[in-house]
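# Fold and contact review
Here is what each chain is made of, one letter per residue.
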Amino acid sequence: MRLRNIPGARDMIAASPWVVQKPEDHCGQWKSFFGNDHPLHLEIGTGKGRFIMQLAQEHPEINYIGIEKYSSVLLRCLEKQEELQLTNLIFIRGDAELINTYFSDGEIDKIYLNFSDPWPKERHARRRLPSSEYLRRYDRILVQGGIIEFKTDNRGLFDFAVEEVEQSAFEIAQITYDLHSDPVMNVGNIMTEYEEKFSKKGNKICKYILRRRA
Ligand code: SAM
């Protein structure tokens, strides 16, 4: 999702109290940043933020961080957060590639990847957020019982993601190729902006939940 460039977006983000300006400075210190020892859940590639905002409203006992690469997209999250003022939710304008500089080993309890960019060209495969290279980065920052949840309507990306799990420290705990018709996995599902858009077109939504190998 790349919205048109919004003039001044970077300045607005730099001035926002809901954006952590230097996440590296809090690496290993996120519990003191939030002032409690609640679990910490990340959404990588937050987009306009509907998913993580609804989660944060429903779960005040969990701290949430949304990571989004583009200022113009993150601005949409901030507009809503200005209204809601959720104290268990903050944002990082940053690149998932740097995730191991933002978080230290075992600091995160759960990672959500929603409708990650597919990067269809083979030479860009390493940029796909559910690639084995990214799974290695997530492995470091997740606690022992850490969980990864990924959903997408892009079957090619999903098949790739499932194959990548084999070379990782994780295993598939649950999987569906039609989330909205799945009586178990769809319980409590929160639709993202992309999910709503593509399921309205008739696309089926795939989802897996990963846990560490036993
Ligand atoms: N998760 C939202 C949804 O489901 O509606 C947005 C999906 S959109 C296809 C993917 C989002 O991930 C975009 O907003 C994009 O800017 C962001 N993104 C892509 N690569 C990223 C990266 N390396 N680090 C952080 N965000 C990234």
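Residues numbered from 1 in each chain as written. Predicted model: local features only at pLDDT ≥ 70, side-chain atom pairs only at ≥ 80, totals over all residues. Heavy atoms only, no water.

A separate point is helix α8 (residues 193-200). Buried residues of α8: Glu193, Glu195, Phe198 and Ser199, and no others. Its side-chain oxygen 3.3 Å from the backbone nitrogen of tyrosine 194, threonine 192 forms the N-cap of α8. Just past α8, the residue glycine 202 takes up positive phi, approximately 100 degrees. (Buried < 20%, exposed > 50% of the residue type's maximum accessible area, 1.4 Å probe, protein only. Helix = DSSP H or I, 4+ residues; strand = E, 2+ residues; numbered from the N terminus. Polar contact = N/O pair within 3.5 Å; in protein donor to acceptor, adjacent residues only side chain to side chain.)

With that settled, the discussion passes to the pattern of salt bridges. Within this structure, the stated rule accounts for 15 salt bridges. Arginine 140 is paired through a salt bridge with aspartate 105; the nearest N and O atoms lie 3.7 Å apart. With arginine 140 in helix α6 (residues 132-141) and aspartate 105 in the loop between α5 (99-102) and β4 (108-114), the pair connects residues that are 35 residues apart, well separated along the chain. Arginine 140 gets classed as partly exposed once you look at its relative accessible area, which sits at 46%. Accessibility expressed as a relative area gives 55% for aspartate 105, which makes it exposed. Through salt bridges with shared partners, a single network forms among Arg50, Glu196 and Lys200. (Salt bridge = Lys/Arg side-chain N within 4 Å of Asp/Glu carboxyl O.)

Most of strand β2 (residues 63-68) is tucked away, with 6 of its 6 residues classed as buried. The two faces of β2 match: Asn63, Ile65 and Ile67 on one face and Tyr64, Gly66 and Glu68 on the other face are all buried. Sheet topology places strand β1 (residues 40-44) next to β2; 5 bridges connect them, and they run parallel. Within β2, the residue paired with glutamate 43 across the bridge is glycine 66. What joins β1 to β2 is helix α3 (residues 50-58), and the crossover it makes is right-handed. Pairing geometry for β2 and strand β3 (residues 89-93), over 5 bridges, is parallel. Residue pairing in the sheet places tyrosine 64 in a bridge with leucine 89 of β3. (Pairing = 2+ DSSP bridges. Right-handed = clockwise from strand over helix to strand, strands pointing away.)

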